[in-house]
Amino acid sequence: MKAIDRMIDLLSFVFMAIAAIALTLMMGHVTVDVAGKYLLNAPVPVTLEMVSNYYMVAVVFLPLAAVEKVNGHIHVELIYSALPRVGRRVLDVAAHALALGFFAMLMRYSWVSAVRKFEVGEFIMGTYPIIIWPSRFLVPLGCGLIAAFLVLRLVRAVIRLVRADLDDTDAENAALAGGGH
Amino acid sequence: ADRITASLWVGPKHPVTVGGYDPMIKALEDSGDWNVKYFQGGALLGAKPTLSGLRDGIADVGMMAMTYFPAEFPRAQVVADMGLSTPSALVAMFMASEFNLLHCQPCLDEYLAQDIVYTGTYSTSPYTLISKEPIRSTADLAGKKMRVPGSLWSRWAAKVGGIEVNVPSSEMYEGLDKGALDIAIQAPGAMRSYSLWDTAKYNTVLNLGTYHSLSLLSFNQRFWQDQDEAARKMFLEQAARAGVQATMLYTQADEEVLAAAAEHGVEIIQPSDEMKADKAAFVEGDTPMIVSEAKDKYGIDDAQAMVDTLNGLIEKWTAIVDEIGEDDQDALVARFMEEVYNKLPADYGL
Amino acid sequence: MSELDPETIGIIGIGVLLTMIFLRVPIGVALGMVSAGGIYLILGPRAAVGMMAEIPYDFTAHWTLSSIPMFLLMGYFCYHAGLTEGLFRVARLWLSWLPGGLSIASIQGSALFAAVTGSSLACTAAMGRIAVPEMLKAGYDKGLATGTVAAAGTIGSMIPPSILLIIYGIFVEQPISQLFAGAFLPGVLTALMYSLMVFVRAWRTPSLAPRVDEHPTFSERMGALGDTWPVMLLVAGVFGGLFSGVFTPTEAGSIGAFLAFLIALMKRSMSKTVFMSAVNETLRSTASIFVIAIGAQLLTRFFALSGVTDILADFISGSGYSQLQTILLISVALLILGMLLDPIGIMLLTIPILLPVLESQSINLIWFGILMAKFLEVGFITPPVGLNVFVVKGIVGDQVPTHEIFKGIGWFVVMDAITITLLIAFPSITLWLPSLIAN
Ligand code: NA
Ligand code: NA
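For clarity, every value in this text was computed on a predicted model and none was experimentally measured.

Calculation rules
- Here the residue numbering is sequential within each chain, running from 1 through the sequence in written order.
- Note on labels: chains are lettered from A, ligands numbered from 1, in written order.
- Residues qualify for local features only when their pLDDT is at least 70, as the model is predicted, and side-chain atom pairs are given and counted only at 80 or more; totals for whole chains, interfaces and linings, by contrast, use all residues.
- Excluded from the side-chain calculations are hydrogens and water; all other atoms, namely the structure's heavy atoms, are used.
- Working rule for contacts: check all heavy atoms of both residues, and any pair within 4.5 Å makes them a contact.
- The term buried area means the drop in 1.4 Å probe accessible area that two parts suffer when joined, counted for both and summed.
- One speaks of a salt bridge when a side-chain nitrogen belonging to Lys or Arg is within 4 Å of a carboxyl oxygen belonging to Asp or Glu.
- Going along the chain from the N terminus, every DSSP run of H or I of four or more residues is numbered as a helix, and every run of E of two or more is numbered as a strand.
- Any N, O or S atom lying within 2.8 Å of the metal counts as a donor, with the limit raised to 3.2 Å for Na, K and Ca; because water is left out of the atom set, some sites can appear incomplete.
- Irregular is the default label, applied whenever a site is not tetrahedral (four donors, all angles between 85 and 135 degrees) and neither square planar nor octahedral (four or six donors, opposite donors over 155 degrees apart, all other angles between 65 and 115).
- For two strands to pair, DSSP has to find at least two bridges joining them.
- Only protein chains enter the accessibility calculation, which uses a 1.4 Å probe. A residue is then buried if its area is under 20% of the maximum for its type, exposed if over 50%, and partly exposed in between.
- In what follows, a disulfide is any cysteine sulfur pair within 2.5 Å.
- UniProt positions are given in the numbering used here, feature names are shortened, and annotations may be inferred rather than shown by experiment.

Focus: the interface of chain A and chain C
Line of reasoning, step 1. In this assembly, 58 residues from chain A lie in contact with 58 residues from chain C.
Line of reasoning, step 2. Counting each side, the surface lost to burial between chain A and chain C is near 5400 Å², with a carbon and sulfur contribution of 77%.
Line of reasoning, step 3. Linking chain A to chain C there are four salt bridges.
Line of reasoning, step 4. Between E251 of chain C and K37 of chain A there is a salt bridge; the shortest N-O distance is 2.8 Å.

Spelled out as structure tokens, the structure:
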């Protein structure tokens, strides 16, 4: 499991790096386009298409696993913090299982869709035609990685549910009290 | 009662809604045989998701603008590229519908490959120049930031020295208002529907062509197969009527807007002969381009034959529309049925 | 397909959704799973699979939405490079006499920012990282600090430009210039009501917003002004560029982020660490917000297909109501829908049904548009699905639990109720400015 952990860490780092590049390019591409339009009467071609179909998709889907790693997917703590240990673990198992189901389905179905777009060679017509099918694969990639990570989390949650001795509730209580990290 | 889900991505006041879908929905509801679910404005499926949504049966009938799907519908792009050659909206609509339905099996196959049944189109009225500064000559277009409605106009914009900028339709008003945009290429009706006349005070009515490569009533094929022959015939009649009505309403909206332009401080500029000549020269020079692009981008070898057939249909329907007139809706629909829909086989789309 | 009729599936779906959210299932997951299940039951597997395959990409790959990550990035650059520190020091020194001064300053800041962006999510994104940490540092109540930014973000779609109003205008063919003019005073009124409420609450309960125990001299106050130059430069650049037509509201996000980056370089506070932290946090916030937004898109489709909205519509279009009764019924419907659904989706779903009713009652469509925008904005902050709240949560992370942000929203919603009552009782608040430009 440690090895899988490291593998996911590595992939998640790579995905974040790509997303970071996409984010920086989004800012740069639009800025240069605006400057070009205003100063030189020469916009950068295909800005809208690249921003929409490549940078946005990378920025949204590639970081999914990294977000899950820091528990960053938004949820409501309301009754969770009031529950005893077993209750929390049951909810953990349920939440991880549902999240796994959701992202696994997204991965599977968006993959099928991406393959279909690849087969027709999906492109859009701007000033120039731009091939966009490759960006379709960013969705199953991002969802796949978070699904893999959720498998680990689910297994760990089940272990913690049945093995109270492995469960560190003190640290969790401190975190839930709002200390953060 | 059978369930039918109709999905539009244009709003309740759009000519396609008022002239195309509303009457059909009403007819279906009045018949008592149908349980209709009707969505507008993309509440169910937006412009791009309509293709997959129809294929997957999320909606049974919807409108598609083929410009969004160049990979799946290469031949529809060639039909669209005739935009600058059409004399009027009605002729463009008749041309595109007849071409797809009767003269281009590969076009219909493109639809069937997506599990969708094509039943005709409508056409926008000719695009014009809506601008902040008066455009009175071709030279006035040089250096102007313009929003173009499709790739065909990209070539035209480049030719006249315009700067093509990417502004989504939701930011067209803001763009013109603040100056990020000098010209929107739109039919005059857009001055009202997008409120452009509040900020852009010039409309040069140079005929910049129509957009007519849509699929107005596109049916999910499994839904189509589930219908008996009478129902399919009824839908085809609705399609003929919807195409004519939506197109006429589009033109009518333009006429209303042009009539009200003065009230809104908009100057309507008639294009100079020089502008018309320049446009005609562009169209002539562009036809070989359409054919070569069709081959390079889409791998269509017989594009010249397609263009020839389409030009023939333009002539045919120009004569018919001249004969009937542009206002006699029932006569136009009757002729449309006679010339096109009645010639379809009984198992059309199955 | 299911034995149950679609409306029943829709209503059961709401129950399952609420239970899931309550039991700490990630909100985006809860929205997505309920929608997928519901669509499966109504239309079968192919439609459910199709929705899940296409909506995430189609929703995300949108030019206008790019302003959300870009304004987040701008905010993170400002925060990590300390560009806004000077401004908040001035706010502390100058507003130390004012109860809840930092919160009120943040509301005014949002109102100002609203003139740059057309989306309340982008407005919240830009202000979140700038204002919330400063308020927390000053010892403000967490609910008040976060609630302020989430609620004030709603002004983003009231003060022009506004994507919501543009879509409404195109949809019902009303002049966008009139809608923009009409929304201006209600937007300003919203900011004033919020500020007034914060002032009264902070004055009555000082622990909510501890007073600054400084008694700065005049020269100290003037001296601090010099440190506000980074923000002034940023604001001047973004406003100047937008209003002179150099760029559009969507492009303003990227330009804002780039300017913040440049100013940080000039201030010598841009380092590799600052850059990487800003980018990392932007990516995490963006992804966590978009998962929910995608879920909300799916839910809107499920609701549309279930016909639950039709029930509300039938209720409203039932004959025999007076104008006021109609408006009140619509208000209730919009509030209920606003709790769960994506605000633009609500507009697209309900307008085609409402339009004939409004027209038959000769209700002014400019006035109604502003009222509707206001209701939809309330939907951005009401539980359980409050997108602005989630944007703030995506920014503050573990520091503040989601329910505490919702709790902080409470009083702001009360003020919105008063604002809306005023808008209904005195249509001239909305219609006065449009009447001026119409002449
Ligand atoms: Na705004
Ligand atoms: Na809400």
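Now, onward.
Remarks on the pattern of salt bridges
Line of reasoning, step 1. Enumeration according to the criterion identifies 36 salt bridges over all chains in this entry.
Line of reasoning, step 2. Among the salt bridges present, the one from R55 of chain B reaches D56 of chain B, with a minimum N-O distance of 3.8 Å.
Line of reasoning, step 3. Note that K137 of chain C and E134 of chain C form a salt bridge whose closest N and O atoms lie 3.6 Å from each other. In this pair, K137 of chain C and E134 of chain C are both assigned in helix α7 (residues 120-137), three residues apart and thus about one turn of the helix distant.

Re the coordination of the sodium ion (ligand 2)
All names here are of chain C.
Line of reasoning, step 1. At the metal site, the sodium ion (ligand 2) is ligated by G338 (O), M339 (O), G379 (O), T382 (O), T382 (OG1) and V385 (O), and these contacts range over 2.4 to 2.9 Å.
Line of reasoning, step 2. Seen from the sodium ion (ligand 2), its six donor atoms lie at angles of 72 to 157 degrees, and the figure they make is irregular.
Line of reasoning, step 3. Counting gaps between the donor residues of the sodium ion (ligand 2) yields the pattern G-M-x39-G-x2-T-x2-V. Highlighted residues: M339 in helix α16 (residues 323-340) and T382 in the loop between α18 (365-379) and α19 (387-396), separated in sequence by 43 residues.

Some thoughts on the sheet that holds strand β6 (residues 145-147) of chain B
Residues and elements named next belong to chain B.
Line of reasoning, step 1. With mixed pairing, the six strands of this open sheet are ordered in space as β7-β6-β8-β5-β9-β11. Pairing within the sheet leaves two strands with one partner each, and these edge strands are β7 (163-164) and β11 (267-269).
Line of reasoning, step 2. Direction of pairing for β6 relative to β7: parallel, over a ladder of two bridges. Within the sheet, the bridge partner assigned to M146 lies in β7 and is E164.

Let's talk about the coordination of the sodium ion (ligand 1)
All names here are of chain C.
Line of reasoning, step 1. All of the protein donors around the sodium ion (ligand 1) are A114 (O), T117 (O), G156 (O), I159 (O) and P161 (O); their distances to the metal are 2.2 to 2.4 Å.
Line of reasoning, step 2. When the donors of the sodium ion (ligand 1) are listed by position in the chain, the intervening gaps give A-x2-T-x38-G-x2-I-x1-P. The residues G156 and I159 share a single accessibility class, namely buried.

Thoughts on the state of the cysteines
Line of reasoning, step 1. Per the counting criterion, the structure on display carries one disulfide over all chains.
Line of reasoning, step 2. Between the sulfur atoms of C104 of chain B and its disulfide partner C107 of chain B the distance amounts to 2.0 Å. In this structure, the disulfide formed by C104 of chain B and C107 of chain B twists by about 70 degrees around the S-S bond and is classed as right-handed.
Line of reasoning, step 3. Residue C104 of chain B is classed as buried on the basis of its relative accessible area of 3%.
Line of reasoning, step 4. With a relative accessible area of 1%, C107 of chain B lands in the buried category.
Line of reasoning, step 5. The closest cysteine sulfur to the non-disulfide-bonded C123 of chain C is located on C78 of chain C, 14 Å from its own sulfur.

Looking at the UniProt feature "transmembrane region" (unreviewed entry) in chain A
Residue and element names in this part refer to chain A.
Line of reasoning, step 1. UniProt's entry tags residues 12-32, 52-70, 90-111 and 131-155 with the feature "transmembrane region" (unreviewed entry), counted in the numbering of this structure.
Line of reasoning, step 2. In this annotation, residues 12-32 is assigned 100% helix and 0% strand; the end-to-end C-alpha distance for the span is 30 Å.
Line of reasoning, step 3. Taken end to end, residues 131-155 has its terminal C-alpha atoms 40 Å apart, with 88% of it in helix and 4% in strand.

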